[in-house]
Amino acid sequence: MISRLLIANRGEIALRIIRACRELDIESVVVYSTADAGSPYLELADEAICIGPGPSAQSYLSIPTIISAAEIANVDAVHPGYGFLSENAHFAEVCRANNIEFIGPDEETIRRVGDKAEAKLAARAAGIPVVEGSDGPVTTDDEALAVAHRVGYPVLIKAVSGGGGRGMRVAHNDISLQAGLQTARTEAEAAFGDSSVYVEKYLEDPRHVEIQILGDKQGNVIHLGERDCSVQRRHQKVIEESPSPGIPNDIRIKMGRAAVKLAKQVGYHGAGTVEFLYEKKKFYFIEVNARIQVEHPVSELVTGIDLVKEQIRLAGGAPLGRKQQQIVFRGHAIECRINAEDPDRHFAPSPGLITHLIAPGGPGVRVDSHVATGSRVPPHYDSMIGKLLVHADTRAEAITRMRRALDEYRIEGIKTNLGLHRRILRNAYFERGEYTTRFLDELLST
Ligand code: ADP
């Protein structure tokens, strides 16, 4: 049983976890850097511990500091949220070595699925279609060239330890492949401390569709349907929705089954996401995210299941207690990621003081955000300052509701991507559900 929990994260996800703890009657202890000192969400936790200065390496990414905080706070579990240490197998191992439950899968599973090349091999072994490419990492240029010649250009060079849409390079010929390998390796080493890369066919017009899974420590796994995350800017998600407006029902069923099969094969427990690309009536596994994801509330809205509460319950050893047939999907949900970004400067981060903020509300609207009037958005972290979600009976009603909610939102003092969301929600292709991962980059180039 978990009765006191440390939140090793910040911002909206820290607040999300505090809320889950309150409802579960679990005490929450949140860590914070000096850049986040004074944030209103810190007061909602039972205790808040300062763990160092703004730069993440000295605070939210410092394993010894976070473990010391967990020991001082005398907690029995750590929730890592997303980003930071959430998919760090070593951190999970250190937590458990100190008798602190890590809220996430076992370290071996994190390691296995965190290596994207190995995860692909595991998927293939489970009979799940994967994007054609190298069998594991490529070590030489010749190996990469041979793969490219076999699958045909364009190809994508991807970092084995990549994430957040970073460390990827498209190559259209031998010359750009060789140059791309160099830069991708250097970028991957700098961003993830691991220069290994693999090569796969670059699908030119896919949808990104992912399956939310939940597994218990007894080996039961179910899925909570899909999220369509094809509205992306430079391979980073901007809008997510469920159900996907662009996949047929037989594919939806097959993807769900494939995700559950893979999760069982790697001994997955907790909440996780199995990501696929879908193109020309076929789907391909791309990766597993061994954590709660930013877009998890989309699935919460259509299933009525609180994923963060489930994560905590499952980490404590509780059984799933639900069968796949008992999951009921209701209505349509859309999420817009609200980022502190300057649309006039290629969406560069726009940190600073929020001088005025009015969040939308009313029927079917959910705002997951930690900022308010007077909040300062620090320059050190991701630029996401919140998520606006709507739920309605149909997709058309959800779109109308999202337009209304976006029009209510006021954020002054910093630049945001609210205008971009308003534009997307009024786009005819988006309205018809006819979009792929190319949609937004094309919209922005016109
Ligand atoms: P990350 O972990 O960095 O987010 P992913 O593997 O999840 O990387 O890919 C992120 C996005 O990159 C996908 O949603 C998709 O838009 C694009 N992408 C990844 N692999 C391919 C591919 N083989 N072909 C085309 N696009 C791809």
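Residues numbered from 1 in each chain as written. Predicted model: local features only at pLDDT ≥ 70, side-chain atom pairs only at ≥ 80, totals over all residues. Heavy atoms only, no water.

A. The arrangement of the overall build of the chain in detail. Within the chain, the secondary structure is distributed over 14 helices and 22 strands. Against the compact-globule benchmark of 22 Å for 446 residues, the chain has a radius of gyration of 21 Å, which places it among compact chains. When the backbone C-alpha atoms are referred to their principal axes, the chain occupies close to 60 × 50 × 45 Å. Within the chain, buried positions represent 57% of all 446 residues. At a minimum sequence separation of 6, the contacts of the chain that also span at least 24 residues come to 65%. Working note: accessible area of the chain is about 18000 Å², and carbon and sulfur atoms make up 50% of it. Taking the average place of the 53 positive charges on the side chains of the chain and the average place of its 59 negative ones, the gap between the two points comes to 4 Å. (Helix = DSSP H or I, 4+ residues; strand = E, 2+ residues; numbered from the N terminus. Rg over C-alpha atoms; globule rule 2.2 N^0.38 Å. Buried < 20%, exposed > 50% of the residue type's maximum accessible area, 1.4 Å probe, protein only. Contact = heavy atoms within 4.5 Å. Areas by Shrake-Rupley, 256 points an atom, 1.4 Å probe, with all protein chains shown as cover. Lys, Arg positive; Asp, Glu negative; His and termini not counted. Charge placed at Lys NZ, Arg CZ, Asp CG, Glu CD.)

B. Molecular detail of the site of the ligand. Surrounding the ligand, one finds 22 residues, the nearest of these being G165, H208, Q232, E275 and E287. At 2.7 Å from an oxygen atom of the ligand is found a side-chain nitrogen or oxygen belonging to H208. Mapped by element, the contributors of at least two residues to the shell around the ligand are β6 (155–159), β8 (197–201), β12 (270–279) and β13 (282–289). When residues of the shell around the ligand are sorted by domain, at least three fall in each of domain 2 (132–201) and domain 3 (207–444). (Near = heavy atom within 4 Å. Polar contact = N/O pair within 3.5 Å; in protein donor to acceptor, adjacent residues only side chain to side chain. Domains from an automatic or database assignment.)

C. How the structure looks around unusual backbone geometry. Following Y153, the chain continues to P154 via a peptide bond in cis, the omega torsion being -5 degrees. Take P154: it is sitting in the loop between α6 (141–151) and β6. With an omega dihedral of -5 degrees, the bond running from S242 to P243 counts as a cis peptide bond. Among the secondary structure elements, P243 is positioned in the loop between β11 (236–242) and α8 (249–265). Although it is not a glycine, H235 sits at a positive phi angle of roughly 65 degrees. In this structure, H235 sits in the loop between β10 (221–233) and β11.

D. A look at the pairing of strand β14 (residues 332–339). Of all eight residues in β14, eight are buried; the element is thus mostly enclosed. Covered by surrounding structure in β14 are H332, I334, C336 and I338 together with A333, E335, R337 and N339, the residues of both alternating faces. Bridging between β11 and β14 involves four bridges; their strand directions are antiparallel. By the bridge assignment for β14, I239 is matched with C336. As defined by bridge partners, β14 adjoins strand β21 (residues 384–392) across eight bridges and the pair is classed as antiparallel. Within the sheet, the bridge partner assigned to A333 lies in β21 and is H391. (Pairing = 2+ DSSP bridges.)

E. Structural view of helix α4 (residues 107–114). What α4 keeps buried is the set E107, T109, I110 and V113. Considered in projection along α4, the buried side chains sweep an arc of 160 degrees and stay on one side of the axis. On its buried face, α4 is in contact with α3 (89–97), β5 (101–102), α5 (116–125) and β13. (Arc of directions from axis to C-beta.)

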